[in-house]
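Here's the letter readout for the chains.
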Amino acid sequence: MLKEQINRFQAEETPFYFYDLQLLQQTLDVCKNAADKYNFHVHYAMKANFNQKVLERIQKVGFGADCVSGNEVKKAIEIGFDPRKVVFAGVGKSDREITEALQNDIFCFNVESVQELGVINGLAEAQGKIAQVALRINPNVDAHTHHNITTGLEENKFGINHWELHDCVDALKKLPHVALVGIHFHIGSQITNLTVFKSLCVKVNEIHSWFEERGFNLKVLNVGGGLGVDYHNPDEKPIADFEEYFRIFDQFLERKHGQEVHFELGRALVAHSGSLISKVLYVKNGIKKHFLVLDAGMTELMRPALYQAYHQIESLSLGQAQEGNTVKYDIVGPICESTDCFGKEVELPESKRGDLIAIRTAGAYGEVMASKYNLRAEIKSLYSE
Ligand SMILES: *Cc1c(COP(=O)(O)O)cnc(C)c1O
């Protein structure tokens, strides 16, 4: 499938990101329909991919935007996201970022500490505004995902811990320029064991009651993102199970009449629609190892080097798929780091210089993490509409 789509780009210089905009659209439509069924609100977590065309498609579906920097807030509004559907999260928002977001009248700041509440209050006062805030609470729920992408445990830097909630409530009472609209949670990424979300619901219900007992009527329950995708089967399961995901929240999350439930999905919306396309520069055959040296490396796709992430790797070169003629290669990039490796002992048809290689499911946390290390050129993107 991908092979046919890439065929018309044979003459293009590699490496490049390839986005299947049709698959992206299908994914967005499935997610939107599944969320609409329960009247759930979806904000797209922009940090997963802020490619212009990708953002335009997502904005058109009617999702909001979940931003983690001032520039993301600006970009979201430029693309056409309604500021009233923009939320701003992040453990270290600068004064300038907060001020600009206030000027843009965004919907809500997801606040990560008591100190931040005070800072936002002061900056809102300077503009004569009242900032809407949600408290990002650390629910101490184990996401059962990779250690480096777990965010909801007490050992993580994110969120407000339960023993700090009294201080938050006291602060809120004293700060007239912040208004509490909700509570917010985000426990990690690439969560494939959906029972984790049941545990999250149980915690959210508890904390929700705690606030109600103290006289707070929360308008919004924001349960974050984290829904995972199947990196091992990009063709068999190209669209995540949004139906089951939302069903779990509908079943286990207690909400009051008129209360909104917000989600912040990143990876599950964009991961499968992107691939990194690269060429074999050299084949190095050793005694213990065979290496394919590609023209793409960790500077184009950092996930394997950053957290040993798995990506399916395929050869797109024609006439090579004969059975039996496979070799186990370590697939490496040209960057001067030993971690610059996309996969070890990957079984591929015997390959040669010039063969096209696809690194699949690279649409999330791929292009956005590209770096200039080794003074590498900026990576380009191509699309199938
Ligand atoms: C990264 C992030 C998300 C999106 O996570 P995914 O795993 O890509 O769905 C949502 N909310 C917050 C606060 C985030 O930092």
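Going by the structure above, here's the rest.
Residues numbered from 1 in each chain as written. Predicted model: local features only at pLDDT ≥ 70, side-chain atom pairs only at ≥ 80, totals over all residues. Heavy atoms only, no water.

Asker: For the sheet that holds strand E9 (residues 260-265), give the residues involved together with the corresponding values.
Answerer: Taken in spatial order, the eight strands close into a barrel running E2-E3-E4-E5-E6-E7-E8-E9, and their pairing is parallel. Neighbouring strand axes in the sheet, compared pairwise and without regard to direction, differ in orientation by 30° on average. As paired strands, strand E3 (residues 64-67) and strand E4 (residues 86-88) are joined by three bridges and run parallel to one another. Within E4, the residue paired with Cys 67 across the bridge is Phe 88. Contacts between helix H8 (residues 195-213) and the sheet are confined to strand E6 (131-136), strand E7 (178-184) and strand E8 (220-222), with E7 contributing the most and set at about 155° to the helix. (Pairing = 2+ DSSP bridges. Helix = DSSP H or I, 4+ residues; strand = E, 2+ residues; numbered from the N terminus. Axes fitted to C-alpha atoms, helices over the stretch in contact; angles between N-to-C directions. Contact = heavy atoms within 4.5 Å.)

Asker: Please give an account of the site of the ligand that cites residues and values.
Answerer: If you check the shell around the ligand, you find 14 residues, and the closest are Lys 47, Ser 189, Glu 264, Arg 267 and Tyr 365. Asp 66 is positioned such that a nitrogen or oxygen atom in its side chain is 3.2 Å from a nitrogen atom of the ligand. Against a free-state accessible area of 390 Å², the protein chains account for coverage of 94% of the ligand. Within the shell around the ligand, the residues separate by chemical class into three nonpolar, six polar and five charged. (Near = heavy atom within 4 Å. Polar contact = N/O pair within 3.5 Å; in protein donor to acceptor, adjacent residues only side chain to side chain. Areas by Shrake-Rupley, 256 points an atom, 1.4 Å probe, with all protein chains shown as cover. Nonpolar A, V, L, I, M, F, W, Y, C, P; charged D, E, K, R; others polar.)

Asker: Give a detailed account of the pairing of strand E16 (residues 380-384), specifying residues and quantitative values.
Answerer: E16 sits mainly inside the fold: four of its five residues count as buried. When strand E1 (residues 16-20) meets E16, the two strands line up parallel, connected through five bridges. If you follow Tyr 19 over to E16, its bridge partner there is Tyr 383. (Buried < 20%, exposed > 50% of the residue type's maximum accessible area, 1.4 Å probe, protein only.)

Asker: Give me the packing of helix H2 (residues 21-36) against helix H3 (residues 52-61): which residues, what numbers.
Answerer: Viewed as axis vectors pointing N to C, H2 and H3 meet at an angle of 30°, and their least axial separation amounts to 10 Å. Taken as axis vectors, H2 and H3 run roughly parallel relative to one another. Note on packing geometry: the crossing formed by H2 with H3 is right-handed. When H2 is examined against H3, the residues Leu 21, Leu 24, Gln 25, Leu 28 and Lys 32 are found in contact with a partner set consisting of Lys 53, Val 54, Arg 57, Ile 58 and Val 61. Its residues assigned to classes, the contact of H2 with H3 comprises six nonpolar, one polar and three charged. (Parallel < 35°, antiparallel > 145°, perpendicular 65-115°, else oblique. Left-handed = near helix turned anticlockwise from the far one by under 90°.)

Asker: Give me helix H4 (residues 70-79): which residues, what numbers.
Answerer: If you check which residues of H4 are buried, you get Gly 70, Glu 72, Val 73, Ala 76 and Ile 79. On its buried face, H4 sits against H3, E3, E4 and helix H5 (95-103).

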